[in-house]
Amino acid sequence: MTIPADHPRYQSLIVRERLAGSVRDGIVSLEGLVAHGRGEAFDYLIGERTTDSALLAERTAAAMIRSARHPVISVNGNTAALAAREIALLQQASGAIVEINLFHRTEERIRKISQLLESNGVTVLSGKAERIVPLSHDRALSYPEGTGKADVILVPLEDGDRCEALLKMGKAVIAIDLNPLSRTARMASLTIVDEVTRALPMITGFLMTLQEQDIVLLSRTPDNNYFLTEAMKEMDRRLAHALD
Ligand code: ATP
Ligand code: MG
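Residues numbered from 1 in each chain as written. Chains lettered and ligands numbered in written order. Predicted model: local features only at pLDDT ≥ 70, side-chain atom pairs only at ≥ 80, totals over all residues. Heavy atoms only, no water.

Undergrad: Please provide a residue-by-residue account of the pairing of strand S6 (residues 172–176), values included.
TA: Among the five residues that make up S6, five are buried, leaving the element largely enclosed by the rest of the structure. Here S6 shows two buried faces, one formed by Ala-172, Ile-174 and Ile-176 and the other by Val-173 and Ala-175. The pairing of strand S5 (residues 152–156) with S6 spans five bridges and is parallel. Paired with Val-155 across the bridge in S6 is Ala-175. Note on the crossover from S5 through helix H7 (residues 160–168) to S6: the handedness is right-handed. Both S6 and strand S7 (residues 190–192) contribute to a ladder of three bridges, which runs parallel. Looking across to S7, one finds that Ala-175 is bridged to Thr-191. (Buried < 20%, exposed > 50% of the residue type's maximum accessible area, 1.4 Å probe, protein only. Helix = DSSP H or I, 4+ residues; strand = E, 2+ residues; numbered from the N terminus. Pairing = 2+ DSSP bridges. Right-handed = clockwise from strand over helix to strand, strands pointing away.)

Undergrad: Any details on the site of ligand 1? Residues and values, ideally.
TA: Around ligand 1, 18 residues are found, and the nearest of them are Gly-160, Asp-177, Arg-183, Thr-184 and Glu-195. At a separation of 2.6 Å, an oxygen atom of ligand 1 approaches a polar side-chain atom of Thr-184. Protein burial of ligand 1: of its 610 Å² of free accessible surface, 87% is covered by the chains. Mapped by element, the contributors of at least two residues to the shell around ligand 1 are helix H2 (30–45) and helix H8 (183–187). Taken together, the residues that form the shell around ligand 1 break down as five nonpolar, six polar and seven charged. (Near = heavy atom within 4 Å. Polar contact = N/O pair within 3.5 Å; in protein donor to acceptor, adjacent residues only side chain to side chain. Areas by Shrake-Rupley, 256 points an atom, 1.4 Å probe, with all protein chains shown as cover. Nonpolar A, V, L, I, M, F, W, Y, C, P; charged D, E, K, R; others polar.)

Undergrad: A description of H7 should follow, citing residues and the corresponding values.
TA: Of all the residues in H7, the buried ones are Gly-160, Arg-162, Cys-163, Ala-165 and Leu-166. The N-cap residue of H7 is Asp-159: its side-chain oxygen and the backbone nitrogen of Asp-161 are 3.2 Å apart. Positive phi appears at Gly-170, one or two residues downstream of H7, with a value of about 90°.

Read these as spatial facts, not as claims about activity.
Structure, rendered in structure tokens:
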């Protein structure tokens, strides 16, 4: 069966193909491919589209980034492979610092991911990484001028351990995670339950249109529990009618 190009499923298949190619190129790890599969399952449950509550979370994320003193976007292999161009546009709109952070960190992977991001227009923070985040593995390695100074940090596709460590450092963490039950989603200051390639352009759009009074109002105290509950309700509603 051929899937029409405007069907959400078609978009998911393109994303999947791009990711598989990036494994072959040494940008995405095999573990990253598995994590993507889990994301796909949850995307299926929310209907492979941006829900109203996710849209409000994206608006809130834009407000938090706009009101930050030192916003940082922390990029891993999956995010770079899926959304290098979207990161570049978000960086342009926000002035945020983009830093690479990898679980399976090798100098070669860092170089390849930097090249991919830079060829899409991202300015990548370079320098000597230090063990800034209190973690025993290589995800501790960050940059003093990036994560070190960040007050608000956007972490698309974050792991629970690192999310917790960043919060302990006193940072506001914005996560993009399709799984509202993950440790990251439950701990983050704000979780956007949406697919990363849909979420990033929405945040960029809101950064360009938000009014000053909205920024103050939205960024004050994001209610993460509300966003997670709404995502669960949406999944519940869809499951209840799945076989209609
Ligand atoms: P946690 O460590 O937070 O409990 P986890 O161990 O289940 O989560 P990780 O591999 O650490 O999962 O993090 C990846 C997360 O990103 C997963 O929860 C997955 O649902 C989500 N995810 C994967 N691909 C995408 C995507 N393209 N867009 C949004 N979310 C995604
Ligand atoms: Mg994890």
